[in-house]
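If you want the building blocks of each chain, they are given just below.
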Number of protein chains: 2
Amino acid sequence: MDAARLIRIDDPGDPRIAEFVSMRERDLAGRGEQFIAEGTVVLQALLDARERGHFDIVKLLLLENRVGGLADLIARLDPAVPVHVAAAPVLDAVVGFAMHRGVLALGVRRPPADLASFLAGLPDQALVVACCGISNHDNMGSIFRNAGVFGADGVALDATSCSPLYRKAIRVSVGAALHVPFCRSGSVEAMASAIVGSGFDLIGLSPRGTVALEDYRPPGRVALLLGTEGAGLPQAVLDRVTSVRIAQAPGLDSLNVATATGIALWRVAGAMGRLP
Amino acid sequence: MDAARLIRIDDPGDPRIAEFVSMRERDLAGRGEQFIAEGTVVLQALLDARERGHFDIVKLLLLENRVGGLADLIARLDPAVPVHVAAAPVLDAVVGFAMHRGVLALGVRRPPADLASFLAGLPDQALVVACCGISNHDNMGSIFRNAGVFGADGVALDATSCSPLYRKAIRVSVGAALHVPFCRSGSVEAMASAIVGSGFDLIGLSPRGTVALEDYRPPGRVALLLGTEGAGLPQAVLDRVTSVRIAQAPGLDSLNVATATGIALWRVAGAMGRLP
């Protein structure tokens, strides 16, 4: 690696790395398209996603003793991307806690123009997850992880769902938030209209659904609609949804939304012939 | 309610409520059979579990303004169980943080004598979850939640798995850690021997398993063995396991253990005719 490429940071107040200051308190995600990616696995996922055109890398901030092990990843960066390097005390002072992983990237997303064009770009046979009001970062990360594991083509998010690019959501997704393409749009009604208008069967999960999941026969395009636990969906949306039942033992609380997503995606992707 | 039953606490150092001091730092679970149950839903689950003989309630500590709404639950307690009441500043000083829920119970578990007798007490047709090295409290809570939702008869835990009675595990389980009976025992080898010796088909999940989950035909007694993510099981155990495959899209990281549990329990419980 060309050592001249490394920019040494000795002052935690250096404006060139200002985006990483007090990382835990002020998450960039949800305020524009910039976000912070943390750790080697996530940096690798970000490089892969950049090569598919969904993301760019703006800059890196690395712990100095991690640089050697990251030479291959650094070599994949555009030469114009600044690579900052700091000693542990400086890095910890920047981010505001002991940053053992020592690998930080500032990423920027190139979002799709709108949901209709996002859906139009998917294959004729497609499996999509649609999130309504998923505001918990853990659940969002788990939903993306499951979407990745079962090969979903994309995720649609309504405006009340949180960004999948929050640090914790990316981490819980094991990088799938950078792998599975997604599109954030407006109300759940508009999202449902765009999905149904693009030829998808929109299915919703309920313990009292009319079709048992194991009996559901998916057509070419399927979108799995997820609502917040407990809260219901608007009637105008429910009227457009094929209501699918995951059978449960009587009496106890219902499934966690991420687990329900995993069960439904496994079954539907299998029934579509998409799993090996 | 008989107001004379309430024991007013004004001193956070009162020895009668010592078990609740600095609750977040020193979790009682894992050090004997006592544990702290938190919140109305969990207290209700604990009362139900007590009536099935698995637990006792030792004492309560309640925020004073919560007492009125809990009259029905308090009426279900044995008259000998002390009910302590404190104002918010006292309660917060006891537990060490702002305790908005204001409902705490000290519970004690009556564990089964050993795994063999625990398994012998289950029905001829039985579905069990067996955990090996599940040390993350979130995963443990989610596994119990799924065991409850899909009506598993019990959970076996090896000595390296964490207690399901940690506060966070109980909370994530939505009370199922108090509902689904469990037995902690020794090594995973001993656990597997007891399970197989009790007539169970022991199944393990792997993306490279030899039997596809959708093709698995369960016999009368099935135990689903869960290992830690990444780490493998000892060969002596693997030799006793029916290796079952949850198909996944190629290339990405594998499923979270709790999600995998949900998928497998849903499918196996359904194939056993145990779900409505």
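As the structure is a computational prediction, the values presented were derived from the model and not from experiment.

Right, let's talk about the nonpolar core for a bit. Across soluble globular proteins, nonpolar side chains show a tendency to be buried alongside one another. Membership of the largest hydrophobic core comes to 134 residues, with the highest contact counts inside it found for A:Leu178 and B:Leu178. Ignoring sequence-local partners within four residues, the contact set of B:Leu178 consists of B:Phe35, B:Val42, B:Ala45, B:Leu46, B:Ala49, B:Arg52, B:Phe55, B:Leu165 and B:Ile170.

Residue and element names in this part refer to chain B. Alternating positions in strand 4 (residues 83-86) separate into two faces, Val 83 and Val 85 on one and His 84 and Ala 86 on the other, with burial throughout. For strand 1 (residues 6-8) and strand 4, the ladder comprises three bridges, and the chain directions are parallel. Paired with Leu 6 across the bridge in strand 4 is Val 83. In the sheet, strand 3 (residues 55-63) pairs with strand 4 via four bridges, with the strands oriented parallel. Bridged to Leu 63 within strand 4 is Ala 86.

Residues and elements named next belong to chain A. Considered domain by domain, chain A is made up of domain 1 (3-109) and domain 2 (115-271). Here the C-alpha centre of domain 2 lies 31 Å away from the C-alpha centre of domain 1. Across the contact surface, domain 1 and domain 2 share two salt bridges. The salt bridge partner of Arg 167 is Glu 38, with a shortest N-O separation of 3.1 Å. Counting residues per element, the ones that place at least two in the side of domain 1 that touches domain 2 are strand 2 (34-38) and helix 1 (40-51). In terms of residue count, the dominant contributor to the side of domain 1 that touches domain 2 is helix 1 (four residues). Here the side of domain 1 that touches domain 2 is built from residues that sort into ten nonpolar, two polar and six charged.

With that settled, the discussion passes to the relation of the copies chain B and chain A. With an axial shift of 0.0 Å and an RMSD of 0.0 Å, the rotation relating chain B to chain A amounts to 180°. Taken together, these values place the two copies in the relation of a two-fold axis. Same-surface contact between copies: 100% of interface residues of chain B are shared with the interface of chain A.

For the pair helix 10 (residues 257-271) of chain A and helix 10 (residues 257-271) of chain B, the least separation of the axes is 8 Å and the interaxial angle reads 60°. Between helix 10 of chain A and helix 10 of chain B, the crossing angle belongs to the class labelled oblique. In terms of crossing hand, the pair formed by helix 10 of chain A and helix 10 of chain B is right-handed. In contact with A:Thr259, A:Gly262, A:Ile263, A:Trp266 and A:Arg267 of helix 10 of chain A, helix 10 of chain B contributes B:Thr259, B:Gly262, B:Ile263, B:Trp266 and B:Arg267.

Each aromatic ring pair is specified by the distance between its two centres and by the angle formed by the two planes. Within this structure, the stated rule accounts for four aromatic pairs over all chains. Between the aromatic rings of B:Phe144 and B:Phe182, the centroid separation amounts to 5.7 Å while the plane-to-plane angle is 85°, which identifies the pairing as edge-to-face. In this pair, B:Phe144 sits in helix 5 (residues 137-149) while B:Phe182 sits in strand 8 (residues 182-184), placing the two residues 38 residues apart along the sequence. Of the residues examined, B:Phe182 reaches a relative accessible area of 4% and is grouped as buried. Directly above the aromatic system of A:Phe182 lies the positively charged group of A:Arg109, at a separation of 3.5 Å from the ring centroid.

Attention now moves to the interface of chain B and chain A. In this assembly, 27 residues from chain B lie in contact with 27 residues from chain A. Taking both partners together, chain B and chain A bury about 2,400 Å²; carbon and sulfur atoms supply 67% of that area. Our enumeration of links across chain B and chain A arrives at zero salt bridges. Looking at the side of chain B that touches chain A, the elements that each hand over two or more residues are helix 5 and helix 10 of chain B. Counting residues per element, the side of chain B that touches chain A draws most heavily on helix 10 of chain B, at five residues.

This next bit is on the pattern of salt bridges. Residue and element names in this part refer to chain A. What the rule picks out here adds up to 26 salt bridges over all chains. Arg 171 is the salt-bridge partner of Glu 38, the closest N and O atoms lying 3.9 Å from each other. Taken together, the residues span a long stretch of sequence, with Glu 38 in strand 2 and Arg 171 in helix 6 (residues 167-172) at a distance of 133 residues.

A word on the sheet that holds strand 6 (residues 126-131) of chain A. All names here are of chain A. An order of 8-7-6-11-9-12-10 is seen for the seven strands of this open sheet, with the pairing classed as parallel. Either end of the sheet is taken by a strand with one partner, and the two such strands are strand 8 (182-184) and strand 10 (211-212). Pairing of strand 10 with strand 12 (residues 242-245) involves two bridges; the strand directions are parallel. Counted as the bridge partner of Ala 212 is Arg 245 from strand 12. Against the sheet, helix 5 (residues 137-149) contacts strand 6, strand 7 (154-157), strand 8 and strand 11 (221-226), and its axis sits at roughly 175° relative to strand 6. Helix-sheet contacts for helix 10 involve strand 6, strand 9 (201-205) and strand 11, and the interaxial angle to strand 11 is about 170°.

A separate point is the packing of helix 5 of chain A against helix 10 of chain A. Residues and elements named next belong to chain A. Across the interface, helix 5 lies against helix 10 with an axial gap of 9 Å and an inter-helix angle of 10°. On the basis of the axis angle, helix 5 is roughly parallel to helix 10. Contacts between helix 5 and helix 10 involve Asn 139, Ser 142, Ile 143, Asn 146 and Ala 147 from the first element and Val 257, Ala 258, Thr 261, Gly 262 and Leu 265 from the second. Across the contact of helix 5 with helix 10, the residue classes tally to five nonpolar, five polar and no charged.

Residue and element names in this part refer to chain A. When you line up the elements, Asp 14 lands in the loop between strand 1 (6-8) and strand 2. In this structure Asp 14 comes out as buried when scored by relative accessible area, which is 11%. Separated by 80 residues in the primary sequence, Asp 14 and Val 94 have C-alpha atoms spaced 9.1 Å apart. Side chain to side chain, Asp 14 and Arg 16 meet in a polar contact 2.9 Å long.

Each value, and the rule that gives it
Counting restarts for each chain, with residues numbered from 1 along the sequence as it is written. Here every chain gets a letter starting at A, and every ligand a number starting at 1, in the order they are written. In keeping with the model being predicted, local features are shown solely for residues with a pLDDT of at least 70 and side-chain atom pairs are shown and tallied solely at 80 or more, while totals for entire chains, interfaces and linings include all residues. Side-chain metrics rest on all non-hydrogen atoms present in the structure, leaving aside hydrogens and water. The definition of a nonpolar core used throughout is a set of buried Ala, Val, Leu, Ile, Met, Phe, Trp, Tyr and Cys residues joined through side-chain atoms within 4.5 Å. The classification of residues rests on relative accessible area computed with a 1.4 Å probe and restricted to protein chains. Under 20% of the type maximum is buried, over 50% is exposed, and intermediate values are partly exposed. Throughout, a contact is declared for two residues whenever any of their heavy atoms are within 4.5 Å. By definition, any uninterrupted DSSP run of H or I lasting at least four residues is a helix, any uninterrupted run of E lasting at least two residues is a strand, and each is numbered from the N terminus. At least two bridges found by DSSP between two strands is the condition for calling them paired. Those domain boundaries reflect an automatic or database domain assignment. Should a side-chain nitrogen of Lys or Arg be within 4 Å of a carboxyl oxygen of Asp or Glu, the pair is scored as a salt bridge. Charged residues are taken to be Asp, Glu, Lys and Arg, nonpolar residues to be Ala, Val, Leu, Ile, Met, Phe, Trp, Tyr, Cys and Pro, and polar residues to be all remaining types, Gly included. Copy-to-copy alignment: least squares on C-alpha atoms, limited to residues at pLDDT 70 or above in both. Interaxial angle, 0 to 180 degrees, is taken between N-to-C directions of lines fitted to C-alpha atoms, where a helix line uses only the stretch in contact. The labels follow the angle: roughly parallel below 35 degrees, roughly antiparallel above 145, roughly perpendicular from 65 to 115, and oblique for the rest. Two helices that cross are described as forming a left-handed crossing if the nearer one is turned anticlockwise from the farther one by less than a right angle, and a right-handed crossing if clockwise. Ring geometry is summarised as follows: Phe, Tyr and Trp rings, the Trp one being its six-membered ring, pair when their centres sit within 6.5 Å, and such pairs are stacked at plane angles under 30 degrees, edge-to-face over 60 and tilted between the two. Counting as a charge over the ring demands two things of the Lys NZ or Arg CZ atom: a distance within 6 Å of the ring centre and an angle within 35 degrees of the ring normal. The quantity reported as buried area is the accessible area (1.4 Å probe) lost by two parts once they are put together, taken as the sum for both. Each polar contact in these results corresponds to two N or O atoms within 3.5 Å; when the atoms are within protein, one needs to be able to donate a hydrogen and the other to accept it, and residues that are neighboring in sequence are counted only if both atoms are side-chain atoms.

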